[in-house]
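The primary structure of each chain is shown beneath.
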Amino acid sequence: RPVAISPVAFGLLVETVPGVRNWQLVQLDETTLAVRVWSATETTSGSSTVVTQAFCSRLTDVLRNHGLENVTLVVEAAELRPDPMNGKFRHVYAL
């Protein structure tokens, strides 16, 4: 069954993870999200791997709270990708 989660919920998630500079979620299929996290250049919380792991952990909590335990997260090391239609940066790309 389709479940809609507001991008604001993900924005609030980011505020709870120290060291996140920017992020993007891309829905690859019905049960897979690509996660792109860019950490601040200097962070007291550790390496970018630690920041990404913390982000994914919190994201998993948000998904579970919406009954989406079956969603797989795939971490991607990718450039920021603007919307191809308008050139604006979006945090969430859904199917």
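Going by the structure above, here's the rest.
Residues numbered from 1 in each chain as written. Predicted model: local features only at pLDDT ≥ 70, side-chain atom pairs only at ≥ 80, totals over all residues. Heavy atoms only, no water.

Here we take up the packing of aromatic side chains. Centre-to-centre distance and the angle between the planes together describe a pair of aromatic rings. Summed over the entire model, instances satisfying the criterion amount to one aromatic pair. Ring geometry for Trp23 against Phe55: centres 6.2 Å apart, planes inclined by 40°, an arrangement best described as tilted. One end of the pair, Trp23, is in strand E1 (residues 20-29); the other, Phe55, is in helix H2 (residues 48-65), with 32 residues separating them in the sequence. (Phe/Tyr/Trp six-rings, centres within 6.5 Å; stacked < 30°, edge-to-face > 60°. Helix = DSSP H or I, 4+ residues; strand = E, 2+ residues; numbered from the N terminus.)

Along the polypeptide, Thr49 turns up in helix H2. Thr49 sits in the partly exposed class, given a relative accessible area of 47%. Between the C-alpha atom of Thr49 and that of Ser39, which follows or precedes it by ten residues, the distance is 8.7 Å. (Buried < 20%, exposed > 50% of the residue type's maximum accessible area, 1.4 Å probe, protein only.)

Take the sheet that holds E1 next. Within a sheet, adjacent strands bond to each other through the backbone by hydrogen bonds, running parallel or antiparallel. Strand order in the open sheet made by the four strands is E3-E2-E1-E4, with mixed pairing throughout. If you trace the sheet from one side to the other, it starts and ends with strand E3 (72-75) and strand E4 (92-93), each paired once. Where E1 and E4 come together, two bridges link them in parallel fashion. The residue of E4 that forms the bridge with Val26 is Tyr93. (Pairing = 2+ DSSP bridges.)

Turning our eyes to something else, we now look at the pairing of strand E2 (residues 32-39). Summarising burial for E2: eight of the eight residues are buried, a large majority. As paired elements, E1 and E2 share eight bridges and run antiparallel to each other. Each bridged residue has a counterpart across the sheet, and for Asp29 the counterpart in E2 is Thr32. Between E1 and E2, which pair antiparallel in sequence order, lie two residues.

Below, the discussion takes up the side chain of Ser39. Position of Ser39 relative to the elements: it lies in strand E2. Excluding anything up to four places from it in sequence, Ser39 contacts Gly19, Val20, Arg21, Ser48 and Val51. (Contact = heavy atoms within 4.5 Å.)

For the rest of this paragraph, the subject is H2. Taking 1.5 Å per residue as the helical rise, H2 with its 18 residues ought to reach 26 Å, and the 26 Å between its terminal C-alpha atoms agrees with that figure. Within H2, the full set of buried residues consists of Val51, Thr52, Phe55, Cys56, Leu59, Val62 and Leu63. Along the long axis of H2, the arc covered by the buried residues comes to 130°, so they all point the same way. Exposed and facing more than 90 degrees away from the buried side of H2 are Gln53 and Asn65. Buried residues along H2 sit against helix H1 (7-15), E1, E2 and E3. At the C-terminal side of H2, Gly67 shows a positive phi close to 75°. (Expected span 1.5 Å × (residues − 1). Arc of directions from axis to C-beta.)

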